[in-house]
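# Commentary on secondary and tertiary structure
Residues per chain are reported as follows:
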Amino acid sequence: LRSYFVEQYYSFSRRGVIRGMHYQSPPMDHAKLIYCVQGRVLDVALDLRRKSTTYLQYFVNELSADLANMVYLESGFAHGFYVLSDSAVLVYNVTSVFSPEHDQGIRWNSFGMRWPESDPVLSVRDANLPLLADISPFR
């Protein structure tokens with residue numbers, strides 16, 4: 001599997017923050033390579049690919065600067081994370097350019113994930129994302 005990364009982003013978050021679950025819809029969907037350069041997070045990916053054997057399953061990994069690990073997500077996954085440390089910085093390498101009209105997401109608590117906290121810190125955007133039941137899956 002070969003990916004060509006065309007943009008890179010980073011995010012800074014504090015303990016108790018959930019960011020996500022974000023994705024870009026086709027035709028601007030992208031694969032992501034994600035790693036943590038400061039702190040530690042509980043990283044979550046949800047498979048939105050209708051024809052996948054893992055459709056609507058989610059996967060959880062701890063990413064941290066100390067572990068120096070990373071996760072690769074194919075196109076068609078929603079992504080989010082919960083900050084476990086006092087603060088965390090994540091870096092994302094993506095295979096398509098950011099497209100505001102294709103920037104999508106689903107609400108963090110609408111797909112069965114048992115997050116470490118039931119009342120996390122959320123951005124206004126993330127608090128108002130649609131439920132999983134209200135979105136169209138990939139392909």
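All values reported here derive from a predicted model rather than from experimental measurement.

With that out of the way, let us pick up the packing of aromatic side chains. Enumeration according to the criterion identifies three aromatic pairs in this entry. Ring centres of Tyr 58 and Phe 111 lie 5.6 Å apart, and the angle between their planes is 80 degrees; this geometry places the pair in the edge-to-face category. You can see Tyr 58 sitting in strand β5 (residues 58-64) and its partner Phe 111 sitting in the loop between β9 (103-105) and α1 (124-127), a full 53 residues away along the chain. Ring centres 6.4 Å apart and planes at 65 degrees place the aromatic pair Trp 108 and Trp 115 in the edge-to-face group. When its relative accessible area of 8% is taken as the criterion, Trp 108 is described as buried.

Right, let's get into unusual backbone geometry. Following Gly 20, the chain continues into Met 21 via a peptide bond in cis, with omega recorded as 10 degrees. Position of Met 21 among the secondary structure elements: in strand β2 (residues 18-24). Cis geometry marks the peptide bond from Pro 26 to Pro 27; its omega dihedral reads 10 degrees. Tracing the backbone shows Pro 27 in the loop between β2 and β3 (32-38). For Leu 56, which is not glycine, the phi dihedral falls at a positive 65 degrees. By secondary structure assignment, the location of Leu 56 is in the loop between β4 (40-47) and β5. According to the relative accessible area criterion, Leu 56 is partly exposed, its value standing at 36%. In this model, Ala 68 sits at a positive phi of 55 degrees, which is unusual for a non-glycine residue.

One finds Met 21, Leu 46, Leu 48, Ile 106, Phe 111 and Trp 115 to be the most contacted residues of the largest nonpolar core, which totals 18 residues. Mapped by element, the contributors of at least two residues to this core are β2, β4 and β7 (77-83). In this structure, Leu 48 is in contact with Tyr 23, Tyr 55, Leu 56, Gly 76, Phe 77, Ala 78, Leu 132, Ile 135, Pro 137 and Phe 138, ignoring residues within four places of it in sequence. Counting residues in each nonpolar core, the second largest holds 15 residues, with Val 41, Leu 63, Val 71 and Leu 90 among its members.

Before going further, it helps to examine the sheet that holds strand β6 (residues 70-73). Reading across from one edge, β1-β8-β3-β6 is the order of the four strands in this open sheet, with antiparallel pairing throughout. Every other strand in the sheet has two partners, leaving β1 (7-14) and β6 as the edge strands with one partner each. Between one strand and the next, the sheet's axes are offset by a mean angle of 20 degrees, whatever the strand orientation. Note that β1 and strand β8 (residues 87-94) share eight bridges and pair antiparallel. For Tyr 9, the partnering residue across the bridge sits in β8 and is Tyr 92.

Turning our eyes to something else, we now look at the sheet that holds β9. Read from one edge of the open sheet, five strands run β5-β4-β7-β2-β9, paired in antiparallel fashion. This sheet does not close on itself; its edge strands, each paired only once, are β5 and β9. Adjacent strand axes in the sheet meet at a mean angle of 30 degrees when their direction is disregarded.

Turning to a nonpolar patch on the surface, a few remarks are in order. Taken together, the side chains of Tyr 4, Val 6 and Val 97 make up a nonpolar region of the molecular surface, amounting to roughly 310 Å² of accessible area. Within the secondary structure, Val 6 sits in the segment before β1. Judged by relative accessible area, Val 6 falls into the partly exposed class, the value being 39%.

Rules used throughout
Positions within a chain are numbered from 1, following the residues in the order the chain's sequence is written. Side-chain atom pairs in this predicted model are given and counted only at pLDDT of 80 or more, local residue features only at pLDDT of at least 70, and totals for whole chains, interfaces and linings cover all residues. Note: side-chain values were computed over all heavy atoms of the structure, leaving out hydrogens and water. Any two rings among Phe, Tyr and Trp, with Trp reduced to its six-membered ring, count as a pair given centres within 6.5 Å; such a pair is stacked if its planes are under 30 degrees apart, edge-to-face if over 60, and tilted if neither. Starting at the N terminus, helices and strands are each numbered in turn, a helix being any DSSP run of H or I of at least four residues and a strand any DSSP run of E of at least two. Remark: exposure states derive from per-residue accessible area (1.4 Å probe, protein chains only) relative to the maximum for the residue type, with buried under 20%, exposed over 50%, and partly exposed in between. Here, the term nonpolar core denotes a set of buried Ala, Val, Leu, Ile, Met, Phe, Trp, Tyr and Cys residues that are joined through side-chain atoms within 4.5 Å. The contact criterion used is simple: two residues touch if any of their non-hydrogen atoms lie within 4.5 Å. DSSP calls a pair of strands paired once it identifies at least 2 bridges connecting them. Under this scheme, a helix contributes an axis fitted over its contacting stretch, all axes are lines through C-alpha atoms, and angles between N-to-C directions fall in the 0 to 180 degree range. Distance thresholds for patches are 9 Å for like charges and 5 Å for nonpolar side chains (Val, Leu, Ile, Met, Phe, Trp, Tyr), applied to residues having over 30% relative accessible area and no salt bridge. Accessible surface area values rest on a Shrake-Rupley calculation with a 1.4 Å probe, where residue burial reflects the displayed protein chains alone. A carboxyl oxygen of Asp or Glu within 4 Å of a side-chain nitrogen of Lys or Arg is what we treat as a salt bridge.

All we've got here are geometric facts, nothing functional implied.
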